[in-house]
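Observations on chain architecture
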Amino acid sequence: MSAPGAAASLTVFCGKGGVGKTSISLALGLRHAMQKRPTVVVTSHPLPELAASVSLAGLRERYPEAADNLFVIHIDPREVLSNTVKKTIPSSLLIKAVLTSSVYQSLVEVAPGLKEIAFLNRLHRLTEEPSEAGKKFDRVVWDAPATGHFLQTLLVSRSFEQYLSGPFALLGAQIASFSSDSARFAVVPITTLEEMAVEETIELWRQLGGDLAIEPKAVLCNMTSPLARSTQPVEELRGQLEAEGDDAAIQFILDRNAIERSLFTKLRHAVPGALRLIERKASWTADLDLLLDIAKQMEDFPDAWTQ
Amino acid sequence: MKIRIFVGTGGVGKTSVAAASGLKSAIEGSRCLVLTIDPATRLKTALGMGTAGDRQKVPIEAFSAKGELWAAQLDVKERLDHLVRRHAPADKLPIILQHPIYQAIGTLVGMQELMAIERIGEALGEGYDEVIVDTAPARHALEFLDKPEYFTQLVGSPLVRLVGRTYKWWQKSSLARLGRIGVELYGQIENLVGANLLRDVLEFFSAFQGVAEGYAKESAETLERIHDSRTTSFTIITSPFKASRDAGYFWEELRKREFFVEGLVVNRVWPELAVSARPGATSEAEALVTWYRNVSAAHRQAWERVAAEYSPKIPRLLALRELATDIDGLPALHQMAQAMGQG
């Protein structure tokens, strides 16, 4: 058992689908693990899906110590719920009757908010208690679902607190209080410098601050080009480029570059927190190289954002 | 009457591709509805429309369209009320609408997937030639198809039907009628969820059961039409760097459920950029050019790989080019719709 003050803190990466939450979560996990901090990355993707999206293959061969300190887990709410049933019901006969009944199985799938509250509860506990394997984590990183589902997940705790009674309302209240504690629940939205993603990020910042009373730490702009921050005028750039065919290719580069810059400025004006850029590696062969590259770019980030 | 369902992970431009497909069909003469079940999406912004109302007609006269384009976005609370009013007996209606459990489920995550199929079902009766569904990137992308089946299973189970029908009666008489195991189990569940909440849920369900059964029946009919490959096809939308894994994942999941996968669209593929820095250019310009060339080459490689792998499996494969400007408004969608025609 850990002392009450020793709870691990949590970094939550959220944002629109496709902005790179999973890669950045794993990269931060890598950064911590390389500094010998036991770290767990919690993903909302089922593991086969995650494994298909980005892989840590090669880590053990190249950085055995980091591999020892890095854990990636998928919290399956069904499993959390069946463990609760097992703990609550004393008779093994009854447990079996409940868990194998089609009523229980379909109820778990359809009861609104049930899986989400089970997930949040498990996440909360991960920051406080040693895991089943007896490992105490220093750092917990949550690779959160895309914006809509992420906000709905957090709102479940508030809805349970407000509308329900008994143990579920209490659970809702506990989780609501945990997620509003900015010292332990660091929310970092991620965006790309694209119109839809930037708009969604500005809106997300507003919604977090509203009903949920959560103030994000910073916004990460992911997958930027090398010149997102450049002040060199676009027209000056044009004179330095030449195309083999027509100039459409040059125009494409300049247009995209101009979009990036203007969205970066827009974001800076709309969001009161810090903004940081993570440049897209142009190409990579092993996923691990991409993750190490991102981890390196996060090295100088203030600890308070990434706990 | 055709149903086309667009699936994909977040951020690949599903909504834009769905809207552009709808526009293309409408120009060619269909009466077409684009229905998005993603609460986060900005379909109406993309189509240059206001936010009011359940469905709206999109003004597409400028493209000399022969048909009509309609757009709708799923409103969970509104659909739920609609469902209740359709199926609840008159005496149960006020009980349901004012019940705290009803207030709670209207706000909770998970209802979106259940209501999506209800909305699709309604769209099937609204006289369109084509209904295009833009799905939400859920935890499991096909949850909006799986969840109604679980619900139907739950509502149809003998125990739930018994409890729903007789709850009022055994609440008044005696729990003993449930038998010894039943009483013990009820006690344990009471411990688990709390006595008040359990009573609320059961009381609510006994009023709601008719609605639940009505929903189950309708959604089973809609799902049957979605399973019919003569009526319904699926299109997987992805982006270059996600193409290989998205295609693999959705192809497997859809095939497992025996759905017809008609198309694979790799969206936002960068054009070939044969650009270099002039002699004497700044190192900034040098870095920029190299970066763009590398990214665009990687895009095209990703497309070629996925096209080679899936052309024997999926009838329509299409790469859509990244537009220099962001997709916003009808003119950009029209540009995309035209690109689809050439594909």
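Rules used throughout
- Residues numbered from 1 in each chain as written.
- Chains lettered and ligands numbered in written order.
- Predicted model: local features only at pLDDT ≥ 70, side-chain atom pairs only at ≥ 80, totals over all residues.
- Helix = DSSP H or I, 4+ residues; strand = E, 2+ residues; numbered from the N terminus.
- Buried ≥ 20, exposed ≤ 12 C-beta atoms within 10 Å, placed from the backbone.
- Contact = placed C-beta atoms within 7 Å.
- Pairing = 2+ DSSP bridges.
- Axes fitted to C-alpha atoms, helices over the stretch in contact; angles between N-to-C directions.
- Core = buried A, V, L, I, M, F, W, Y, C linked by C-beta atoms within 7 Å.
- Nonpolar A, V, L, I, M, F, W, Y, C, P; charged D, E, K, R; others polar.
- Right-handed = clockwise from strand over helix to strand, strands pointing away.
- Parallel < 35°, antiparallel > 145°, perpendicular 65-115°, else oblique.
- Left-handed = near helix turned anticlockwise from the far one by under 90°.
- Expected span 1.5 Å × (residues − 1).
- Arc of directions from axis to C-beta.
- pLDDT = per-residue confidence, 0-100.

1. Description of the overall build of chain A
When helices and strands are counted, chain A shows 15 helices and eight strands. Each of the three principal axes of chain A carries a C-alpha extent, and together these read 80 × 45 × 40 Å. Put simply, chain A has 307 residues, and 44% of those count as buried. A separation of at least 24 residues holds for 77% of the contacts in chain A among residues at least 6 apart in sequence.

2. What about the overall build of chain B?
When helices and strands are tallied, chain B shows 13 helices and nine strands. Counting only residues that meet the buried cut, chain B has 41% of its 343 residues in that class. For chain B, the proportion of contacts with a sequence separation of at least 24, taken over those separated by at least 6, is 77%.

3. A closer look at the sheet that holds strand 3 (residues 55-57) of chain B
Residues and elements named next belong to chain B. Spatially, 3-4-2-5-1-6-7-9 is the arrangement adopted by the eight strands of the open sheet, whose pairing is mixed. A strand with exactly one partner marks an edge of an open sheet, and here the two such strands are strand 3 and strand 9 (316-321). With strand direction ignored, the average angle separating the axes of adjacent strands in the sheet is 20 degrees. Where strand 1 (residues 2-7) meets strand 5 (residues 130-134), five bridges bridge the pair, whose relative direction is parallel.

4. Remarks on the nonpolar core
Of all hydrophobic cores here, the largest spans 145 residues; its most connected members are Val12 of chain A together with Leu35 of chain B. When residues no more than four places from it in sequence are discounted, the contact partners of Leu35 of chain B are Ala72, Arg119, Ile120, Ala123, Val131, Ile132, Val133 and Asp134 of chain B. Ranked by size, the runner-up nonpolar core spans 14 residues in total, among them Leu227 and Ile250 of chain A together with Trp270 and Leu288 of chain B.

5. A few points about the sheet that holds strand 3 (residues 70-74) of chain A
Hydrogen bonds between backbone atoms are what pair the strands of a sheet, whose relative direction is either parallel or antiparallel. Residues and elements named next belong to chain A. Sheet architecture is open: seven strands sit in the order 3-2-4-1-5-6-8, paired in parallel fashion. Two strands close off the open sheet at either side, each with one partner strand: strand 3 and strand 8 (274-279). When strand polarity is set aside, the average angle formed by the axes of neighbouring strands in this sheet is 25 degrees. The pairing of strand 2 (residues 39-43) with strand 3 spans five bridges and is parallel. Note that in strand 3 the partner of Val40 across the bridge is Phe71.

6. Re unusual backbone geometry
All names here are of chain B. Even without a glycine there, the phi angle at Glu258 is positive, about 60 degrees. Mapped onto the elements of the fold, Glu258 is located in the loop between helix 11 (243-256) and strand 7 (261-269). A positive phi angle, near 65 degrees, is found at Arg268, a position not held by glycine. If you trace the backbone, Arg268 turns up in strand 7.

7. Describing the interface of chain B and chain A
Across the contact, 67 residues belong to chain B and 61 residues belong to chain A. The element contributing the most residues to the side of chain B that touches chain A is helix 12 (residues 283-310) of chain B, with ten residues. Of the residues contributing to the side of chain B that touches chain A, the split by class is 39 nonpolar, 18 polar and ten charged. Note that strand 7 (residues 241-243) of chain A and strand 8 (residues 275-277) of chain B share three bridges and pair antiparallel. The partner of Glu242 of chain A across the bridge, within strand 8 of chain B, is Ser276 of chain B.

8. Some words on the pairing of strand 4 (residues 68-73) of chain B
Residue and element names in this part refer to chain B. For strand 2 (residues 31-36) and strand 4, the ladder comprises six bridges, and the chain directions are parallel. The residue of strand 4 that forms the bridge with Val34 is Ala71. Pairing of strand 3 with strand 4, which is carried by three bridges, proceeds in the antiparallel orientation. Bridging across to strand 4, Arg55 finds its partner in Ala72.

9. Overview of the pairing of strand 6 (residues 232-238) of chain B
All names here are of chain B. Within strand 6, six of the seven residues are buried, leaving the element largely enclosed by the surrounding structure. Note: strand 6 against strand 7, five bridges, orientation parallel. Residue Phe234 lies in a different strand from strand 7, and its bridge partner there is Val261. With helix 11 bridging strand 6 and the parallel strand 7, this β-α-β connection has right-handed handedness.

10. Details of the environment of Thr9 of chain B
Tracing the backbone shows Thr9 of chain B in the loop between strand 1 and helix 1 (14-27). Linking Thr9 of chain B and Ala136 of chain B, residues 127 residues apart in sequence, is a C-alpha distance of 8.2 Å.

11. A look at the packing of helix 9 (residues 147-163) of chain A against helix 10 (residues 167-179) of chain A
Residues and elements named next belong to chain A. Following both chains from N to C, one finds helix 9 and helix 10 inclined at 135 degrees, their axes separated by 7 Å at the closest point. In this view, helix 9 runs oblique relative to helix 10, as classed from their interaxial angle. Between helix 9 and helix 10 lies a crossing whose hand is left-handed. Touching Leu154, Ser157, Arg158, Phe160 and Glu161 of helix 9 are Phe168, Ala169, Leu171, Gly172, Ala173, Ile175, Ala176 and Ser179, all from helix 10. Here the residues of the contact of helix 9 with helix 10 sort into eight nonpolar, three polar and two charged.

12. Some points on helix 7 (residues 143-156) of chain B
With 14 residues, helix 7 of chain B should reach 20 Å at 1.5 Å per residue; the first-to-last C-alpha distance of 20 Å fits that figure. Every buried residue belonging to helix 7 of chain B is among Phe144, Leu145, Lys147, Pro148, Phe151, Thr152, Leu154 and Val155 of chain B, and all of these are buried.

13. Looking at helix 14 (residues 287-297) of chain A
Residue and element names in this part refer to chain A. Considered for burial, the residues of helix 14 that qualify are Leu288, Leu291, Leu292, Ile294 and Ala295. Viewed end-on, helix 14 has its buried residues packed into an arc of 160 degrees, placing them on one side of the element. Those residues of helix 14 hidden inside the fold are in contact with helix 1 (21-34), helix 3 (59-62) and strand 8.

14. Considerations on the environment of Ala173 of chain A
All names here are of chain A. For Ala173, the position within the fold is in helix 10. Ala173 sits in the partly exposed class, given 15 other C-beta atoms within 10 Å. Residues Ala173 and Thr191, 18 residues apart in the sequence, show an inter-C-alpha distance of 30 Å.

15. Considering the confidence of the model for chain A
For chain A, the average pLDDT comes to 86, and 93% of its residues sit at 70 or higher. Residue range residues 1-5 of chain A is modelled with pLDDT below 50. Its contacts to residues more than four positions away, or to other chains, number two contacts.

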